Amino acid sequence: MGLIVQKYGGTSVGSVERIKSVARRVVAAKEAGNDLVVVVSAMAGETNRLVALAEQIAESPDERERDVLLASGEQVSSALLALAIKSLGFKARSFLAHQVRIETDRAYGKARIKSIDSRRVKQSLKEGEIVVVAGFQGVDQDDNITTLGRGGSDTSAVALAAALNARCEIYTDVEGVFTGDPNICPAARKLDRITYEEMIEMASMGAKVLQIRSVELGMKFKVPIHVRSSFSEAEGTWVIEEDKTMDEVLVSGVTYDKDEAKITLLAVPDRPGLAAQIFGPIAAANIVVDMIIQNASAAGTTDLTFTVPKADYKKAVAVVEGMADTIQAKGITVDPKIAKVSIIGVGMRTHAGIAARMFQALSAEGVNIEMISTSEIKVSVVIDEKNTERAVRALHKEFIERQAAL
Ligand code: ASP
Ligand code: MG
């Protein structure tokens, strides 16, 4: 009992029938004695449809108007859910972000929440209403509508839970967070618990269950996040703070990401300032560089390899080519057919030899490693895209299935 913020994703509110079934779940929680704030995404496919509409009018649509447009998807679903709840005989009220006042910065399309004024929500709850809030949207200090980036309703929910001191349940179309992609690893299983840090790594490595920003907020404000299915009653995965027992598990998950491309600059002069000269303009072009490898230099030159989102690699190559005189590379090679495969686990902090075991497992499969990067709780390798499934399966077997068998 208490106050719960529930968030329902696009598939959960994807049709009138599904909205009615969400309403039934919501009122059941209300009848069990809870107060409820329900955050909704747009109906499945709606945001994509709106994006496409804007792009039919302008190649790169004006950002302010694009956010006005995209935010409309959540206006529809929040009103429909409030209607569905009322028709079950319960009191409900929908709020858009500007009515709650979820204030963000001005970064259209990827705004960050700065503050939430929860007075109207609290007033509404006090009057016995179930509060429905349109996710994904905010308002800047000049009352312009903003959106929080794709998947941003998760962040709306966690931010509201933090502001209201509530529990947070994220309802989605999967049972929770899995040890690996069940389409590739039949033995993948749902995790009961995962730390915020692991979840952030999983999310940035391609597991798209939660928007990363929502997990960062959860971690900052210590909001336990329960990710679960809106199609079943089963417990999902709790995203929580690390406790002592959690590092007994070496690897919590295996992820992959096919959305990056690799660029290599051959034989660039090995002199101070060169990396800054290369990556400065790439950052200025708003391209996010992920991995970077610089080789040992030979005869005063070195190869420099880095990865960027696949969608941006042509732009990145153009930027680099535009600086040919400064960089003086002997050539540029590009490979968009790569995949990044990662193992993630807080147990790596206290256990040695995990990376070696990973390389061993890949070598046993004959998978060549092109790049390696590590952090405290993650090891990632870049491999040929065509080996993705084989690599993921081998690593899942090595670290998850064997671990379970022990
Ligand atoms: N409707 C938005 C999207 O599709 C936000 C969300 O679903 O969380 O990205
Ligand atoms: Mg989502």
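Refer to the structure above for everything that follows.
All figures in this text were calculated on a predicted structure; none of them were measured in a lab.

**Remarks on the site of ligand 1**
The full set of residues close to ligand 1 is S41, A42, T47, E74, F136, R150, G151, G152 and S153. One nitrogen or oxygen atom from the side chain of E74 is found 2.7 Å from a nitrogen atom belonging to ligand 1. The contact in question runs from an oxygen atom of ligand 1 to an N or O atom on the backbone of S153, over 3.0 Å. Considering ligand 1 on its own, with 260 Å² of exposed area, one finds that the protein chains cover 87% of that surface.

**Focus: the nonpolar core**
Ranked by internal contacts, the top residues of the largest apolar core, which has 41 residues, are V5, V37, M199 and V239. Looking at this core element by element, the count peaks at six residues for helix 7 (residues 153-164).

**Notes on the pairing of strand 1 (residues 3-8)**
Successive side chains on a regular strand alternate, one facing one side of the sheet and the next facing the other. Within strand 1, six of the six residues are buried, which leaves it mostly tucked inside the rest of the structure. Here six bridges tie strand 1 to strand 2 (residues 35-40), and the two strands are oriented parallel to one another. Bridge pairing in strand 2 places Q6 opposite V38. Handedness of the crossover is the feature at issue here: the chain leaves strand 1, passes through helix 1 (residues 16-31), returns alongside strand 2, and the resulting connection is right-handed.

**Points about the packing of aromatic side chains**
One pass over the structure, following the stated rule, counts two aromatic pairs. A centroid spacing of 4.6 Å and a plane angle of 10 degrees characterise the contact between Y8 and Y171, whose relative ring orientation is stacked. Remark: Y171 occurs in strand 9 (residues 167-172) and Y8 occurs in strand 1; sequence separation between them is 163 residues. For Y8, a relative accessible area of 0% puts it in the buried group. Judged by relative accessible area, Y171 falls into the buried class, the value being 3%. Between F279 and F306, the aromatic rings sit 5.0 Å apart at their centres with planes inclined by 80 degrees, giving edge-to-face as the arrangement. Residue F279 is located in helix 10 (residues 274-284), and its partner F306 is located in strand 16 (residues 301-309); the two are separated by 27 residues in the primary sequence. Residue F306 is classed as buried on the basis of its relative accessible area, which comes to 0%.

Conventions we followed
Residues numbered from 1 in each chain as written. Chains lettered and ligands numbered in written order. Predicted model: local features only at pLDDT ≥ 70, side-chain atom pairs only at ≥ 80, totals over all residues. Heavy atoms only, no water. Near = heavy atom within 4 Å. Polar contact = N/O pair within 3.5 Å; in protein donor to acceptor, adjacent residues only side chain to side chain. Areas by Shrake-Rupley, 256 points an atom, 1.4 Å probe, with all protein chains shown as cover. Core = buried A, V, L, I, M, F, W, Y, C linked by side-chain atoms within 4.5 Å. Buried < 20%, exposed > 50% of the residue type's maximum accessible area, 1.4 Å probe, protein only. Helix = DSSP H or I, 4+ residues; strand = E, 2+ residues; numbered from the N terminus. Pairing = 2+ DSSP bridges. Right-handed = clockwise from strand over helix to strand, strands pointing away. Phe/Tyr/Trp six-rings, centres within 6.5 Å; stacked < 30°, edge-to-face > 60°.

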